[in-house]
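The primary structure of each chain is shown beneath.
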Amino acid sequence: MNDDQFQTLTRLSAVASVYGASWVVANTVLPGWTHGLVATLLAVAPVVLILGIASSLGFELSGGQCRAATTDGSRCSRSRPPNRDCCWQHRELHDVTLHPEGIDEKTRAAEDDLVVR
Ligand SMILES: [Zn+2]
């Protein structure tokens, strides 16, 4: 699953759950005071589910430290977006060397995903 597919899936599930929630509230006999609560639950649950599935597939939900090595050999200290190896500046370069620490971190994350499954 790539970034675009993930975002499409998340948006679709959000839209579907809002429609689903309004249908349930309109077509079932629930006490009036529960409508807001049920609508909220039905809207939030699918999104939480999708995020859980994505996370268990190894999809990063938050960023971290850039994995590139700087010219002096130390690790870049800027932050990178989720599912990317490098910060905005290192992504623009054509020849980027990953810092050994960054490679270790990526390997460990991949191994953790295998263990979870
Ligand atoms: Zn960087």
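Here is what the cut-offs are and how they apply
- Residues numbered from 1 in each chain as written.
- Predicted model: local features only at pLDDT ≥ 70, side-chain atom pairs only at ≥ 80, totals over all residues.
- Heavy atoms only, no water.
- Donors = N, O, S within 2.8 Å, 3.2 Å for Na, K, Ca; no water.
- Tetrahedral: all angles 85-135°; square planar, octahedral: opposite > 155°, others 65-115°.
- Axes fitted to C-alpha atoms, helices over the stretch in contact; angles between N-to-C directions.
- Helix = DSSP H or I, 4+ residues; strand = E, 2+ residues; numbered from the N terminus.
- Parallel < 35°, antiparallel > 145°, perpendicular 65-115°, else oblique.
- Left-handed = near helix turned anticlockwise from the far one by under 90°.
- Contact = heavy atoms within 4.5 Å.
- Nonpolar A, V, L, I, M, F, W, Y, C, P; charged D, E, K, R; others polar.
- Salt bridge = Lys/Arg side-chain N within 4 Å of Asp/Glu carboxyl O.
- Buried < 20%, exposed > 50% of the residue type's maximum accessible area, 1.4 Å probe, protein only.

Caption draft 1: Spatial organisation of the coordination of the zinc ion. Those donors, Cys-66 (SG), Cys-76 (SG), Cys-87 (SG) and His-90 (ND1), are the protein atoms that reach the zinc ion, and they lie 2.0 to 2.4 Å from it. With four donor atoms in place around the zinc ion and angles of 104 to 114 degrees between them, the coordination shape is tetrahedral.

Caption draft 2: Seen up close, the packing of helix α1 (residues 3-27) against helix α2 (residues 35-56). Where α1 contacts α2, the two axes come as close as 9 Å, and the packing angle between them is 160 degrees. Looking at the two axes, α1 sits roughly antiparallel to α2. Considering the relative orientation of α1 and α2, their crossing is right-handed. Of the residues in α2, those touching α1 at Phe-6, Leu-9, Thr-10, Ser-13, Ala-14, Ser-17, Ala-21, Val-24 and Val-25 are His-35, Val-38, Ala-39, Leu-42, Ala-43, Pro-46, Val-47, Ile-50, Leu-51 and Ala-54. Across the contact of α1 with α2, the residue classes break down as 15 nonpolar, four polar and no charged.

Caption draft 3: Structural view of the pattern of salt bridges. Enumeration over the complete set of coordinates arrives at eight salt bridges. Ionic pairing is found between Arg-67 and Glu-60, a salt bridge with its closest N-O pair at 3.8 Å. For Arg-67, a relative accessible area of 5% translates into the label buried. A residue is classified by how much of its surface remains accessible, and Glu-60, at 23% relative accessible area, is partly exposed.

Caption draft 4: Quick peek at the environment of Ala-14. For Ala-14, the location among the structural elements is in helix α1. For Ala-14, a relative accessible area of 28% translates into the label partly exposed. Along the primary structure Ala-14 and Ala-43 are separated by 29 residues, whereas in three dimensions their C-alpha atoms are 6.7 Å apart.

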